[in-house]
Each structure stands twice: as C-alpha cells, then as structure tokens.
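So you can see what is in the structure, the chains are spelled out below.
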Amino acid sequence: MSQEGSRSDRLIERRKGDHVEICANEDLSQDYVYWDDIKLVHNPLPEVDLDEVDTAITLFGRRLSAPLIISAMTGGYGKAEEINRNLASVAEKFGVGMGVGSQRAALENPEVARTYSVIKDYEIPLRIGNLGMPQLIKQGEGDPLGIEHGKAAMEMVDAHILAVHMNYLQEIVQPEGDTKSKGGLKALERFAAALPVLAKETGAGIPREAALRLKKAKVKGLDVGGLGGTSFAAVEYYRAKSAGDHARVNIGKTFWDWGIPTPVAVVVANVGLPLVATGGIRSGLDVARAVTIGANSAGMAGRLLPAALEGKEALEHEMRVLIDELKAAMFLVGAKDMKELAASKAIVTGRSKEWLDQLTE
Ligand SMILES: Cc1cc2nc3c(=O)[nH]c(=O)nc-3n(C[C@H](O)[C@H](O)[C@H](O)COP(=O)(O)O)c2cc1C
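Given the structure is predicted, the values throughout are model-derived calculations rather than measurements.

K.L.:
So what's going on with the pattern of salt bridges? Residues and values would help.
P.N.:
Under the definition given, this model contains 20 salt bridges. Its salt-bridge partner being D158, residue R127 comes within 3.5 Å of it at the nearest N-O pair. Within this pair, whereas R127 is found in strand 6 (residues 127-132), its partner D158 is found in the loop between helix 5 (147-157) and strand 7 (161-166), the two being separated by 31 residues in sequence. In this structure, R239 engages E236 in a salt bridge whose closest nitrogen and oxygen atoms are separated by 2.8 Å. In this pair, R239 and E236 are both assigned in helix 9 (residues 232-243), three residues apart and thus about one turn of the helix distant. Where salt bridges share partners, they join D36, R282, D286 and R289 into one cluster.

Structure (structure tokens):
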C-alpha cells in the first residue's frame, strides 16, 4: 500500500475511534425533545392481553420480531469488532435489524474487513451495509466508489440492503470533509438500479421534495435520520475542540441544532416507501410514536452505544426494556399488533406541530 494510502487509513481509523468515544462520553443533546411532541391516545378498554401484544413486522421482505434497527455506528478500527459483535448478538437474540458503520475503511484496507464481517456470525434477520453518498462522487484525487464497491460492501456483511448515507452536515463541519455533492443523486440512481438501496440521512432529516426525488431514483426505502438525537455537528465540534481548530469549533456550535426534527421528517417524507425513523429515539414509547405517525420501524444508535461498550449483558437489558416499553404503549392504546398501532391516532403538539403546519400548508 502507498504511504498516502496508509496515512488516509490511519486518519479514518482515528476518526472512527473519536466518534465512538465522543458519542459515548460527551453531551450531544438538543435543547428540545421533539419526540415528546407526539402524544398517543390512551385507551381504558384495550381489549387485548399484554402478553398477546405482537410486535413483529416485515421490512424489506424480512421478518423482524420488533420494528427496531440498531443503526449504523462503527467498523474499521480495532475496538469496532467487539462493539459490532455485541450489537450483533443482541440483534440476533431479539430478532431486530442491524446496520454497520461506513464500510469505506474496509474497501480501502481489507485488513479491517473483519471488524464489520463479524456480524455474519449471527442470525440477524435484517443486515444493512453502509457507504457514504459523498464517496459515490469524485471528491479529490481518488476515484469515486462504483457498483462493484457497493456489491463488495454488501458481501462483506451478507447484507440484505445497502444504506447509502447522506451526511453533508457532518462533512461541512469536519476538517477533512467531502463537500462536493453535484451528481450525487445520479450516482445513487445507478446504485439503486443495481443493488437494493436504503437512502439514509444521519441526523439532519429528509424533506418531502428530497424523499420524492429519492423515490424516483428507485431506492427501496428511506431512513429519515432527523434532528433530535446524535448531532454530527456536535460530534465534530468536540473533535475540532480537542484539535484546537477554532473555526470548526464555531461552525459545529452554530449548526448544533441544524436539521428537520425526526418526527416531522417521518410525516413529510412519507412518500409510499418503507420508512425508518432514526434520530433521538430513546425509548419503546418513542418507537410506538414513530410507528403511529407513519414509520415502519425505528432506528437507534447513540442511546445504545454506552451499553454496547459495556458488554452484551448491558445491551440485552437495554433492548428488553425497549421492547417492554413498546409493548406497554401498544397495550395502553389497545393495539394488538403493528397494523393496529399504525392505525391508531397520534396528536402532534409543540414545535413539531409548528414545523408541520408550515411545511405542509
Ligand atoms: C458513533 C456513531 C457512528 C456513526 N457512524 C455512522 C456511519 O458510519 N454511517 C451512517 O450511516 N450513520 C452513522 N451514524 C449515525 C447513526 O446511524 C444514526 O443515524 C444517528 O446517530 C441518529 O440516531 P441516534 O439519535 O439514535 O444516535 C453513527 C452514529 C454514531 C453514534
């Protein structure tokens, strides 16, 4: 490998380690909790027994025991193998979906492929590969990723679908950011013609127009990845701070709360494609809220990370609580399965209502 190549490998590895450490240890929170704007309507006569409540769904042709996806987080550096192993074992045990972090690192340096492919050791009902949209277009010296890279990424984790993440908020704040975006949609369309693609935002949300364009590009689903949880502007703020990069510190701070709140994105991006609601999901009640306003499932990253670092037991505990909370919410609205939950009423209040009133007027 060239010196240039190994230097960029080291940079990617350091960045990935930084992301995990920052997300596990720093306060990345927003000043407002958008999911609390969504109220479900209590039913004093549920007419279903709690132990009969069925959380199973079918998503992208795969049967999940609950409408939950462990969102893309990591891979590509030493510690990632254990984190992905812990996450994968819990995804298997609870029958939920799982994504890995951006696989670019392993495409550039096959030595780290194992930190992702470890998830193949587990019977996970829905495995999701991951590449970045900015890497599908020419950014600097190197060539953009092509369909063959998409195929290789999917094979690496035996993926059922490939998430292509849109993360320009992060790219704009991080010092080594890829900020070219012209031709991105065309490149995505080429990918979607050859591979099953999930278009995934990473914390800034998807508005209706973009959702319609993505649908036209023939992606199989949308992960709206909205504002309210992990903010990559905040993550990059902390990285810039420790590097003494004052300009980036300021940009990170300014754009900390940038984006479309997740519940708002779920409503406006509902264009008839399967929808994953990721961004700020903290509880099984939030998962129920997401389904009630139109999502097919909910994705979670930041909230699971500390437990994933602690170990399998801590993670199992988190997941059990989440699913119990989801069942409790379903019971209390009188929904015996996901179809009934999706059909039940939600009240939208607060800032989310203000957003929706103006976006949909
Ligand atoms: C440590 C960490 C690393 C992440 N890396 C990726 C990534 O490589 N690719 C991606 O699509 N999303 C990545 N994400 C974004 C998550 O998949 C998710 O969209 C985002 O964190 C919002 O969910 P949350 O509020 O539950 O954390 C990462 C998130 C975290 C916390």
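K.L.:
I'd like a description of the packing of aromatic side chains, backed by residues and values.
P.N.:
Taken as a whole and judged by the stated rule, the model has five aromatic pairs. For the ring pair Y237 and Y238, a centre distance of 5.1 Å and an interplane angle of 80° mean the geometry is edge-to-face. Here Y237 matches Y238 in class, with each residue buried. With a centroid separation of 6.0 Å and an interplanar angle of 70°, the aromatic rings of Y238 and W256 are classed as edge-to-face. Here W256 lies in the loop between helix 10 (246-254) and helix 11 (262-268) and Y238 lies in helix 9, a separation of 18 residues in the sequence. With relative accessibility at 17%, the residue Y238 sits in the buried group. Through a chain of ring-to-ring contacts, the aromatic side chains of Y237, Y238 and W256 assemble into a single cluster.

K.L.:
Before we move on, can you summarise the site of the ligand with the specific residues and values?
P.N.:
In the vicinity of the ligand lie 21 residues, with A72, S102, T230, G280 and G302 positioned nearest. H165 is positioned with one of its side-chain polar atoms (N or O) 3.4 Å from an oxygen atom of the ligand. Between the ligand and A301 there is a distance of 2.9 Å, counted from an oxygen atom to a backbone nitrogen or oxygen. Burial of the ligand by the surrounding chains reaches 95%, relative to a free accessible area of 600 Å².

K.L.:
Describe in detail the nonpolar core, supporting the description with residues and values.
P.N.:
V219, L222, M319 and L341 are the most contacted members of the largest nonpolar core, which totals 112 residues. The element best represented in this core is helix 14 (residues 312-333), accounting for nine residues. If sequence neighbours within four positions are ignored, L341 has contacts with A288, V291, T292, L326, M330, V333 and A335.

K.L.:
With reference to specific residues and values, describe the side chain of S344.
P.N.:
By secondary structure assignment, the location of S344 is in the loop between helix 15 (338-343) and strand 12 (346-348). Reaching out from S344, the side chain makes a polar contact with the backbone oxygen of L341 at a distance of 2.7 Å. Among residues more than four places away in sequence, those in contact with S344 are T292 and V333.

K.L.:
Requested: an account of the sheet that holds strand 7, with residues and values cited.
P.N.:
Read around the closed barrel, the eight strands follow the order 4-5-6-7-8-9-10-11; overall the barrel is parallel. Taken pair by pair, the neighbouring strands of this sheet meet at an average axis angle of 25°, ignoring direction.

K.L.:
Run through the pairing of strand 6, naming residues and quoting values.
P.N.:
The element strand 6 is extensively covered by neighbouring structure, given that six of its six residues are classed as buried. Of the two faces of strand 6, both are covered, the one formed by R127, G129 and L131 as well as the one formed by I128, N130 and G132. Pairing analysis gives two bridges linking strand 5 (residues 97-99) to strand 6, with the strands arranged parallel. Each residue of the ladder has a partner; that of M98, found in strand 6, is R127. In terms of strand pairing, strand 6 meets strand 7 through five bridges, oriented parallel. Paired with G132 across the bridge in strand 7 is H165. Between the parallel pair strand 6 and strand 7, the chain is carried across by helix 5, and the sense of this crossover is right-handed.

K.L.:
How would you sum up the side chain of Q170? Please name residues and give values.
P.N.:
Topologically, Q170 is positioned in helix 6 (residues 168-173). Take Q170: its relative accessible area is 10%, and that puts it in the buried class. Not counting residues within four places of it along the chain, the set of residues in contact with Q170 comprises H19, F232 and E236.

K.L.:
Go over the pairing of strand 10 (residues 275-278) with me, naming the residues and quoting the values.
P.N.:
Residues of strand 10 alternate between two faces, with L275 and A277 on one and V276 and T278 on the opposite face, all of them buried. Where strand 9 (residues 221-223) and strand 10 come together, two bridges link them in parallel fashion. Residue pairing for strand 10: L222 is matched across the bridge by L275. Bridge count between strand 10 and strand 11 (residues 297-300): three bridges; the pairing is parallel. Each residue of the ladder has a partner; that of A277, found in strand 11, is A298. Following the chain from strand 10 across helix 12 (residues 284-292) to the adjacent parallel strand 11, one finds a crossover that is right-handed.

K.L.:
So, the environment of Y32: which residues are in play, and what are the values?
P.N.:
Within the secondary structure layout, Y32 lies in the loop between helix 1 (3-25) and strand 1 (38-40). Between the C-alpha atoms of Y32 and V100, which are 68 residues apart in sequence, the distance is 28 Å. If we skip the residues at most four places from it in the chain, Y32 touches D37, G350 and R351. Polar contacts involving the side chain of Y32 include one to the side chain of D37, which spans 2.7 Å.

Procedures and definitions
- Residues numbered from 1 in each chain as written.
- Predicted model: local features only at pLDDT ≥ 70, side-chain atom pairs only at ≥ 80, totals over all residues.
- Heavy atoms only, no water.
- Salt bridge = Lys/Arg side-chain N within 4 Å of Asp/Glu carboxyl O.
- Helix = DSSP H or I, 4+ residues; strand = E, 2+ residues; numbered from the N terminus.
- Phe/Tyr/Trp six-rings, centres within 6.5 Å; stacked < 30°, edge-to-face > 60°.
- Buried < 20%, exposed > 50% of the residue type's maximum accessible area, 1.4 Å probe, protein only.
- Near = heavy atom within 4 Å.
- Polar contact = N/O pair within 3.5 Å; in protein donor to acceptor, adjacent residues only side chain to side chain.
- Areas by Shrake-Rupley, 256 points an atom, 1.4 Å probe, with all protein chains shown as cover.
- Core = buried A, V, L, I, M, F, W, Y, C linked by side-chain atoms within 4.5 Å.
- Contact = heavy atoms within 4.5 Å.
- Pairing = 2+ DSSP bridges.
- Axes fitted to C-alpha atoms, helices over the stretch in contact; angles between N-to-C directions.
- Right-handed = clockwise from strand over helix to strand, strands pointing away.

By themselves, these figures tell us nothing about what the structure is for.
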